[in-house]
Amino acid sequence: MSGDKKKPQEMPEESTSAGFTPLRGLLGLLWRHKLRLVAASLALIVTSMLQLSLGYGLQLLIDDGFAGGDPEGLRNAVVFIVAVGAAMAVGAMVRFYLVSWLGERVSADLRSAVFSNLVGLHPSYFESNQSGEIMSRLTTDTTLLQTLIGSSVSLAARNTLSLVGALILMLITNLKLSLIILVGVPLTLLPILFFGRRVRNLSNKSQQTIAEVGSHAGEILQSIKIVQSYNRETMEQTAFDRDVTIAFDVARARIRQRALLTGFAILLLVAAMAGMMWSGGQDVISGRMSGGEMGAFVFYAVMLGAAFATLSEVWGDLQRAAGAAERLMELLNETSVISDNGTDIPDIRSPIRFNKVTFSYPSRPDQPALTDFELSVPPGKSLALVGQSGAGKSTLFELLQRFYDPQQGSVSYGNYDLRQIPLAAWRERAALVPQSPVLFSGSVRYNIAYGKPDATDAEIESAARAAYAHDFISQLPEGYNSPLGAQGVRLSGGQRQRIAIARAVLKNPEILLLDEATSALDTESEFYVQQALAEIMHDRTTIIIAHRLSTIINADNIAVVDQGRVVATGTHNELLSTSPLYARLASLQFDQESGKPE
Ligand code: ADP
């Protein structure tokens, strides 16, 4: 199923060359919380200043406190240091709270924004983009950004401030020593430039491979029964292990580069520090500089070094986050190919028409699913679609619901192309009862009212009665409140179908699209489903993908579809004599029904 097609894709080239541009998209999200942003920045600046002033405290402590031999001087120095320390504690608390809050808030906003864009996208988007990978972007990538804003950005800003501040204070304190440090610093830039890019590329790749591992697992676990019934557990396990190993190898390569980066940076810094201490120590011995000044200078230099090392680490995080931001911005900027700029609201009870529709699915552009397709359904009438599997029947439903638009020709309602009608207004008019009903986790009530959340209990019950579902629902442990979905009560195929019918009934659509279940329902269920359908079809425009003789005989008209075209229309009896294909299908498919065990 999926075991052998997995290979980590290369990230598109742009993502490694876009730099930090994608992070700009985040600024808009941050700016929504500008008060907090400003307060957090203030707290950040103040704590950095305070931290720097500790160097001065150290100078006081050594020169006035220790070397001066004056208890007053010592006391003043200690008071100064304690006061600065206390202010730093408060500042750090405020900063931590606000910055982390911003990180959480922005990633939450981003998750919502991305999801809200995704639910409106054309369904074919999810055919070419595995939903597992999208899920992982929603969780992993947003978490990365949360870390970015909640910690990396703050760390970067703090350390940049420390770096600049320490540098200025160093220059003021001792020019010659500063120069020694300044020669060391550019040296450390070299490994950062060298390894930084590699780290970034590998990080992107690492994210991607992890996303693939996740979507692979999701796919297999969802299809667990097929996997087990074909005895493919070991093979799937092996394929999964292979994916995991690839992900690990990529991560290992990234870690190695990152480790080298950190090691080199620290080594070079220590070398510069040693030179500085050697030279500075000689100045103190010869009396050209006080011990306190030397102490303060070392303090600044250590701060500078630490800031630099932290920045080189955070640099990697920023790059990782830029990758994540870029992937999320892609999702955020994806637009639906189904246009929604129609403004016309047609009168009800108009005919539906397919006018020379030619349509191919985006994934198979050369193989039209419908070719010059012509069909018309008068209002209030029912039409049964009959044809072999793959003939194009479901595709008609897809086009009618505007999950796709035809490449040529048009689907119209009355005098309007569906594209001229606002999407929501159009979808409001039609309801689909699919072959395999989709039930969400939630109560029976929630599932029936899915298309009309404000429905009253009486409306819900009446829809359930019309769908012949009320009786069995009443017998469920919690009646209409019984939970459905993965953790919910188990319903038979026919019961699920009747809930889906009740959902459609409650919507009270003008147009009904029925995809009849092929799978055999038990006889009793089938009887009720048929009753329910007959009831709701009454006086509605109904198109049915028909699999049963009874449905076909009761339909006002029948269209025989073959290879994306209508090859014949008429009633059952007419078609038996005019359409050889229909006659064959009827004898193969429907005649068995008479011999079906009761
Ligand atoms: P039917 O409902 O009559 O069985 P369909 O409308 O599902 O037939 O399919 C018509 C043709 O379109 C078939 O060749 C099928 O393989 C193809 N097809 C259906 N759905 C898709 C899709 N999502 N992507 C690509 N091809 C599709």
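Now for a look at the structure at hand.

Here is what the cut-offs are and how they apply
- Residues numbered from 1 in each chain as written.
- Predicted model: local features only at pLDDT ≥ 70, side-chain atom pairs only at ≥ 80, totals over all residues.
- Heavy atoms only, no water.
- Core = buried A, V, L, I, M, F, W, Y, C linked by side-chain atoms within 4.5 Å.
- Buried < 20%, exposed > 50% of the residue type's maximum accessible area, 1.4 Å probe, protein only.
- Helix = DSSP H or I, 4+ residues; strand = E, 2+ residues; numbered from the N terminus.
- Phe/Tyr/Trp six-rings, centres within 6.5 Å; stacked < 30°, edge-to-face > 60°.
- Lys NZ or Arg CZ within 6 Å of the ring centre and 35° of its normal.
- Near = heavy atom within 4 Å.
- Polar contact = N/O pair within 3.5 Å; in protein donor to acceptor, adjacent residues only side chain to side chain.
- Areas by Shrake-Rupley, 256 points an atom, 1.4 Å probe, with all protein chains shown as cover.
- Nonpolar A, V, L, I, M, F, W, Y, C, P; charged D, E, K, R; others polar.
- Patch = residues over 30% accessible without salt bridge, like charges linked within 9 Å, V, L, I, M, F, W, Y side chains within 5 Å.
- Salt bridge = Lys/Arg side-chain N within 4 Å of Asp/Glu carboxyl O.

Overview of the nonpolar core
Step number 1: Core analysis: the largest hydrophobic core is formed by 34 residues, its most contacted members being V444, I448, I473, I499 and I501.
Step number 2: Those elements that place two or more of their residues in this core are strand 6 (430–433), helix 13 (444–448), helix 14 (457–466), helix 15 (470–474), helix 16 (493–507), strand 9 (511–515) and helix 17 (523–537).
Step number 3: The greatest single-element share of this core, amounting to seven residues, is contributed by helix 16.
Step number 4: If you look at the next biggest cluster of nonpolar residues, it comprises 29 residues, including L383, F397, I421 and W426.

Details of unusual backbone geometry
Step number 1: Backbone geometry at N231 places phi at a positive 55 degrees, although glycine is not the residue there.
Step number 2: Structurally, N231 is set in the loop between helix 8 (224–229) and helix 9 (233–285).
Step number 3: With phi around 60 degrees, D539 is a residue other than glycine that occupies positive phi space.
Step number 4: Here D539 shows up in the loop between helix 17 and strand 10 (541–545).
Step number 5: Since its relative accessible area comes to 48%, D539 is described here as partly exposed.

Description of the packing of aromatic side chains
Aromatic rings in a pair are described by how distant their centres are and how their planes are angled relative to each other.
Step number 1: Following the criterion strictly, the structure yields ten aromatic pairs and no others.
Step number 2: Here the aromatic rings of Y446 and Y450 are separated by 5.9 Å at their centres, their planes lie at 75 degrees, and the arrangement is edge-to-face.
Step number 3: Ring pairs connect the aromatic residues F359, Y361 and Y404, which therefore count as one cluster.
Step number 4: Lying across the ring of W101, R36 places its NZ or CZ 3.8 Å from the centre.

With respect to the site of the ligand
Step number 1: Neighbouring the ligand are 14 residues; G390, G392, K393, S394 and T395 lie closest to it.
Step number 2: At 3.5 Å from a nitrogen atom of the ligand is found a side-chain nitrogen or oxygen belonging to Y361.
Step number 3: The fraction of the free accessible surface of the ligand (560 Å²) that becomes covered by protein chains is 72%.
Step number 4: Residue contributions to the shell around the ligand peak at three residues, all from helix 11 (residues 393–400).
Step number 5: Of the residues that constitute the shell around the ligand, the class distribution is four nonpolar, seven polar and three charged.

Remarks on a nonpolar patch on the surface
Step number 1: Judged by side-chain polarity, F66, L74, V78 and V82 come together as a nonpolar surface patch covering roughly 350 Å² of accessible area.
Step number 2: Tallying contributions element by element places helix 4 (residues 71–119) first for the nonpolar patch, with three residues.
Step number 3: Here F66 shows up in helix 3 (residues 34–67).

Notes on the pattern of salt bridges
Step number 1: Taken as a whole and judged by the stated rule, the model has 16 salt bridges.
Step number 2: The residue R32 makes a salt bridge to D109 at a minimum N-O spacing of 3.6 Å. With a gap of 77 residues between them, R32 in the loop between helix 2 (21–31) and helix 3 and D109 in helix 4 connect regions that are remote in the sequence.
Step number 3: On the basis of relative accessible area, D109 is assigned to the buried category, the value being 10%.
Step number 4: Its salt-bridge partner being E516, residue R548 comes within 3.8 Å of it at the nearest N-O pair. On the criterion of sequence distance, the pair formed by R548 in the loop between strand 10 and helix 18 (549–554) and E516 in the loop between strand 9 and helix 17 is long-range, its members being 32 residues apart.
Step number 5: The class for R548 is buried, based on a relative accessible area of 6%.
Step number 6: Its relative accessible area of 4% is what places E516 among the buried residues.
Step number 7: Salt bridges linked by common partners bring R32, R105 and D109 together as one network.

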